[in-house]
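One letter stands for each residue in the lines below.
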Amino acid sequence: MLEEILLETEDKMQKALENTKEKFSHVRAGRASVSMLDGVSVEAYGVMTPLNQVGTISAPEARLLTIDPWDKSIIPAIEKVILQANLGFNPSNDGKIIRLVVPELTEDRRKEYVKLVKKEAEEGKVAVRNVRKDANNKIRKLEKDGEITEDELKSGEDKVQKMTDKFTVAIDEVLSKKEKELLKI
């Protein structure tokens, strides 16, 4: 029973780390990345559809994204949703492909992004600590119900704390890497 709680705890903490990394991937660092358009959907054939399902998105250069829609008739709709998404892109097309030039980041914008990723990292750490709290409560309940001994309780809580420390450090490492990426000119 204790082992199940520990495995479940590690799994949930891993998900918190992955979620934080996912949020970081949406923060641009002056380089074009296809993930910048992940949250954008366009109405195609009466249904809201993610951009990557209506065409090919690529980053042929460091500061350029291209969208090659399979159905060229939805190009105006794609341009409209990109402008509405307020991502800082000004789409242009040649009737076949939409080009998005990724503007250089200003110093102020870089600092805003650093604040944003620090906030996201803190949310990730809070999620890890909440998982720790839930796990410790479950372990204490096992001890209270007589399913484990007091020694097993202490051992379980120690293992949960070690996991918490490991994932908190991992989030800090990812944050540090992203900060360097954002501040590099």
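Keep in mind the model is a prediction, meaning the values are calculated, not measured.

Caption draft 1: Structural detail: the packing of helix H1 (residues 2-25) against helix H4 (residues 150-183). Relative orientation of the contacting elements H1 and H4 amounts to 10°, with a least axis distance of 10 Å. It follows from the interaxial angle that H1 and H4 lie roughly parallel. In terms of residue class, the contact of H1 with H4 is made up of twelve nonpolar, five polar and seven charged.

Caption draft 2: Structural view of unusual backbone geometry. One non-glycine residue, Tyr45, lies in the positive phi region at around 60°. Topologically, Tyr45 is positioned in the loop between strand S1 (41-44) and strand S2 (47-50). Judged by relative accessible area, Tyr45 falls into the exposed class, the value being 65%.

Caption draft 3: Here's a closer look at empty space enclosed by the protein. With the rule as written, the count across this model stands at one cavity of 30 Å³ or more. Within this model, the largest cavity holds a volume of roughly 40 Å³. Every residue lining the largest cavity is listed: Ile5, Glu8, Thr9, Lys12, Val131, Asp134, Ala135 and Lys138. Elements with a contribution of two residues or more to the lining of the largest cavity: H1 and helix H3 (107-144). Residues of the lining of the largest cavity, tallied by class, amount to three nonpolar, one polar and four charged.

Caption draft 4: H3, seen in detail. An ideal rise of 1.5 Å per residue puts 56 Å on 38 residues; H3 measures up with 55 Å between its terminal C-alpha atoms. Of the residues trailing H3, Gly146 is marked for its positive phi of about 80°.

Caption draft 5: Broad picture of helix H2 (residues 75-84). Those residues of H2 not exposed but buried are Ile75, Ile78, Glu79, Val81 and Ile82. For H2, the arc enclosing every buried residue in end-on projection is 165°, short of the 170-degree limit, so these residues lie on one face. Among the exposed residues of H2, those pointing more than 90 degrees away from its buried face are Pro76, Lys80 and Gln84. Packed against the buried residues of H2 are S1, strand S4 (64-69), strand S5 (92-93) and strand S6 (98-101). Following H2 by one or two positions, Asn86 has its phi on the positive side, about 55°.

Caption draft 6: Fine view of the environment of Lys138. Mapped onto the fold, Lys138 is located in helix H3. Within polar-contact distance, the side chain of Lys138 engages the side chain of Glu8 at 3.0 Å.

Caption draft 7: Region of interest: the sheet that holds strand S3 (residues 55-61). Strands sit in the order S3-S4-S6-S5 across an open sheet of four strands; the sheet is antiparallel. Two strands bound the open sheet, and with one partner strand each, they are S3 and S5. In this structure, S3 lies alongside S4, joined through five bridges in antiparallel fashion. When the bridges of S4 are listed, Glu61 appears paired with Leu64.

Caption draft 8: Region of the structure containing the pattern of salt bridges. Scanning the model with the defined rule gives 16 salt bridges in all. Glu8 serves as the salt-bridge partner of Lys12, at 3.0 Å between the closest nitrogen and oxygen. In this pair, Lys12 and Glu8 both sit in helix H1, four residues apart, roughly one turn of the helix. Overall, the relative accessible area of 36% leaves Lys12 in the partly exposed class. In this structure, the salt-bridge partner of Glu179 is Lys118, at a minimum N-O distance of 3.5 Å. Separated by 61 residues along the polypeptide, Glu179 in helix H4 and Lys118 in helix H3 bring together distant segments of the chain.

The rules we used
Residues numbered from 1 in each chain as written. Predicted model: local features only at pLDDT ≥ 70, side-chain atom pairs only at ≥ 80, totals over all residues. Heavy atoms only, no water. Axes fitted to C-alpha atoms, helices over the stretch in contact; angles between N-to-C directions. Helix = DSSP H or I, 4+ residues; strand = E, 2+ residues; numbered from the N terminus. Parallel < 35°, antiparallel > 145°, perpendicular 65-115°, else oblique. Nonpolar A, V, L, I, M, F, W, Y, C, P; charged D, E, K, R; others polar. Buried < 20%, exposed > 50% of the residue type's maximum accessible area, 1.4 Å probe, protein only. 1 Å grid on protein atoms, 1.4 Å probe; cavity = no way out; pocket = protein on both sides within 12 Å on 5 of 7 lines; lining within 4 Å. Points joined across faces, edges and corners; volume = space filled by probe spheres on them. Expected span 1.5 Å × (residues − 1). Arc of directions from axis to C-beta. Contact = heavy atoms within 4.5 Å. Polar contact = N/O pair within 3.5 Å; in protein donor to acceptor, adjacent residues only side chain to side chain. Pairing = 2+ DSSP bridges. Salt bridge = Lys/Arg side-chain N within 4 Å of Asp/Glu carboxyl O.

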